[in-house]
Amino acid sequence: MNESPTDKTPPRVAVFSMFCLADQYDLAAEFEQMLKVVAEDCEVLHLSMRGPRPPPPTTPRIRVEELPIGVNRASRKDILRKSILFYFTMPLAAIRLRRFKPDVIYLPDIIPMAGFLTRLLTWRRVAVSYGDWHLHNKFGRKAWAAPLLAFVRFLEFLEVKTVNAFTCRATAAAERLKAWGVKPEGIRVFHDAPDMSAFNPHDESALRKQCGFAKDDVVILYHGVMHAGKGLDRLVSWSADLYRENPRIGLILVGDGPALPELKALVKELGIEHRVFFTGWLKTTREVGNFCNAADICVAMRTGDEGNVHIIPGALLHCMACRKVVIAPRLPGISEILRHGDNGFMFKADDGEDFKKLIRELVDRRGDWDRVAEAAYQDILRNFSVEATARAYGGALSHFAQLGR
């Protein structure tokens, strides 16, 4: 049970992560500033696996500890292996967490049942990040996976009933939690914040040329992890159809993932290798931002599967920050951000004809691109700054710690 703190003792927040602090700074632009916000009122511990880089310097009220096993975020295979090993490190992590005596333990990474197990092993209050359904994204379109995913949904429901608080990146996710009986004081919502040093408007005409595209081409771009939940095979097929109608259509696919070999094979099968450019894994987010600026239309691609309904893809905000025309499927989470025809455009999820119709309309309305792209960019500046997100994020963790007292 929690020890009873005195009124003079500052609350204690433990952040328990799979990825090291340096990696967390790369993954979320607001993370460093968020920890400083929490440290204004609380003692903070960041506990994680080791990474390739040493822990960055922090303020005196932020303690950094690492478990004796490392993970290389640049290696997809290593992430998979260490995701499994993460569960075996949890008893050791629990010892360190209990020693810190936190008022709340927060898990920023979405790892199935990690919140449940942390609660079970520490008997402390636990808060988790709620959003992406990774297994649904990977296996949602596999007929054989239906029993597995039904079991995963049961486990998710069990975890929701066990942990104490949640952060969400979309209001749609918060509404789902409320429908499951989670009280509003145990939920805090804030959005992603793009790193404006990496994602910002600038000229990349030379990079565009290196990808094989001319100034008057219409280049569509996707960036992110490539798995079945993104529906990238559909994006490739739809783009191939558009190319047969209009040879100016091109496609840039930025990133890596389990779907990449199949996508390359599909591009070859469709005979459009000369109009599709694969970047592979990029080492820095700045490189990703460069490719966004080399394109014309950026798509935050997702299928309409259940696992995608209540999320806001970070890629959507990244591309808005680059002052690009952004398009995305019309899903509840995405609809919180995009206003069709104002700061971007939406098409019916999983509907290739609606997607192709939208691209044709955009090609015909090229003179309108600047207005829509500028509206998206201004939205980012007003509503999705790193400072505002860090303050909301840090405030959420401090709030959860106070609830624990």
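Since this is a predicted model, take the numbers as computed values, not measurements.

1. Some remarks on the packing of helix H2 (residues 31–39) against helix H16 (residues 386–403)
Then, number 1: The N-to-C vectors of H2 and H16 enclose an angle of 45 degrees; their axes lie 8 Å apart at closest approach. Relative to H16, the element H2 lies oblique. Seen along the crossing, H2 lies across H16 with a hand that is right-handed. Contacts between H2 and H16 involve Phe31, Gln33, Met34, Val37 and Val38 from the first element and Val386, Glu387, Ala390, Arg391, Tyr393, Gly394, Gly395, Leu397 and Ser398 from the second.
Then, number 2: Classifying every residue of the contact of H2 with H16 by side-chain character gives eight nonpolar, four polar and two charged.

2. A closer look at the packing of aromatic side chains
Then, number 1: Enumeration according to the criterion identifies eleven aromatic pairs in this entry.
Then, number 2: Arranged with centres 5.3 Å apart and planes meeting at 85 degrees, the rings of Phe157 and Trp180 form a pair that is edge-to-face. Of this pair, Phe157 sits in helix H6 (residues 146–162) while Trp180 sits in the loop between helix H7 (171–179) and strand E7 (187–189), and the two are 23 residues apart along the sequence.
Then, number 3: The structure contains a cluster of three or more aromatic residues connected by ring pairs, namely Phe31, Tyr106, Phe190 and Tyr393.
Then, number 4: Positioned above the aromatic ring of Phe278, the side-chain terminus of Lys264 is 5.8 Å from the ring centre.

3. Thoughts on helix H11 (residues 285–294)
Then, number 1: If you check which residues of H11 are buried, you get Val288, Gly289, Phe291, Cys292, Asn293 and Ala294.
Then, number 2: Looking at the packing, one finds that the buried side of H11 touches helix H8 (205–210), strand E8 (218–223), strand E9 (249–254), strand E10 (276–280), strand E11 (297–299) and helix H12 (314–321).

4. What to know about H16
Then, number 1: A rise of 1.5 Å per residue sets the reference length of H16, with its 18 residues, at 26 Å; its end C-alpha atoms lie 26 Å apart and thus fit the reference within 8%.
Then, number 2: Residues of H16 that are buried sit in contact with strand E1 (12–16), H2, strand E4 (104–107), strand E5 (126–130), strand E6 (165–168) and E7.

5. Description of the sheet that holds strand E12 (residues 325–329)
Then, number 1: Read across the sheet, six strands follow the order E10-E9-E8-E11-E12-E13 without closing on themselves; strand pairing throughout is parallel. Strands at the two margins of the open sheet, each flanked by one partner only, are E10 and strand E13 (345–347). Adjacent strand axes in the sheet meet at a mean angle of 25 degrees, parallel and antiparallel pairs treated alike.
Then, number 2: In this sheet, E11 lies alongside E8 in parallel orientation, the contact comprising two bridges. Paired with Leu221 across the strands is Cys298, a residue of E11.

6. Focus: the packing of H12 against helix H15 (residues 369–383)
Then, number 1: Close contact between H12 and H15 brings their axes to 7 Å; oriented N to C, the two are set at 110 degrees. In terms of orientation, H12 and H15 fall into the roughly perpendicular class. Each of Leu317, Met320 and Ala321 in H12 lies in contact with H15, whose residues at this interface are Ala376, Tyr377, Asp379 and Ile380.
Then, number 2: Within the contact of H12 with H15, the residues separate by chemical class into six nonpolar, no polar and one charged.

7. Digging into unusual backbone geometry
Then, number 1: Look at Arg323: it is not a glycine, yet its phi comes out positive at around 55 degrees.
Then, number 2: Mapped onto the fold, Arg323 is located in the loop between H12 and E12.
Then, number 3: Arg323 sits in the partly exposed class, given a relative accessible area of 34%.
Then, number 4: Phi angles above zero are rare outside glycine, and Asp350 is one such case at about 70 degrees.
Then, number 5: Mapping Asp350 onto the fold places it in the loop between E13 and helix H14 (352–364).
Then, number 6: On the accessibility criterion, Asp350 (34% relative accessible area) is partly exposed.

Procedures and definitions
Residues numbered from 1 in each chain as written. Predicted model: local features only at pLDDT ≥ 70, side-chain atom pairs only at ≥ 80, totals over all residues. Heavy atoms only, no water. Axes fitted to C-alpha atoms, helices over the stretch in contact; angles between N-to-C directions. Helix = DSSP H or I, 4+ residues; strand = E, 2+ residues; numbered from the N terminus. Parallel < 35°, antiparallel > 145°, perpendicular 65-115°, else oblique. Left-handed = near helix turned anticlockwise from the far one by under 90°. Contact = heavy atoms within 4.5 Å. Nonpolar A, V, L, I, M, F, W, Y, C, P; charged D, E, K, R; others polar. Phe/Tyr/Trp six-rings, centres within 6.5 Å; stacked < 30°, edge-to-face > 60°. Lys NZ or Arg CZ within 6 Å of the ring centre and 35° of its normal. Buried < 20%, exposed > 50% of the residue type's maximum accessible area, 1.4 Å probe, protein only. Expected span 1.5 Å × (residues − 1). Pairing = 2+ DSSP bridges.

So far we have only geometry, and geometry alone does not tell us how the molecule works.
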